[in-house]
Amino acid sequence: MIINLTASQQEALELMHDTTRDGWVRDRIKAVLLASKGWTAQMIAQALRIHETTMSRHLKDDFSEEKLTPENPL
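Quick caveat: nothing in here was measured; it's all calculated off a predicted structure.

Criteria and thresholds
Residues numbered from 1 in each chain as written. Predicted model: local features only at pLDDT ≥ 70, side-chain atom pairs only at ≥ 80, totals over all residues. Heavy atoms only, no water. Helix = DSSP H or I, 4+ residues; strand = E, 2+ residues; numbered from the N terminus. Contact = heavy atoms within 4.5 Å. Buried < 20%, exposed > 50% of the residue type's maximum accessible area, 1.4 Å probe, protein only.

*Asks:* Got a minute to help me understand the environment of alanine 31 in this structure?
*Replies:* Structurally, alanine 31 can be placed in helix α2 (residues 23-36). For the pair alanine 31 and leucine 59, spaced 28 residues apart in sequence, the C-alpha separation works out to 7.0 Å. Once residues within four sequence positions are removed from consideration, alanine 31 is found in contact with Ile44, Leu48, Met55 and Leu59.

*Asks:* Teacher, can you tell me more about unusual backbone geometry here?
*Replies:* Trans is the prevailing form of peptide bonds, just as negative phi is the prevailing case for residues other than glycine. The residue arginine 49 is not glycine, and still its phi comes out positive at about 65°. Looking at the element boundaries, arginine 49 is found in the loop between α3 (41-48) and α4 (52-65). Looking at arginine 49, the relative accessible area reads 73%, which means it is exposed.

Put into structure tokens, the structure is as follows:
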């Protein structure tokens, strides 16, 4: 999946990554940022140590629904 981010979207994600303490959210942000740099879901999944289908679903959800935080936080 190809993700195109504007400079302001990328900057906002990087700021969110730097300020959040939730590792799950940081991983999802990293996934979106890496996908915007041309990484494949397989490459990102390997780097983040998660299953490729999970990564593909995250990228689809994150980009289409701007869903970067868990729906049911602990």
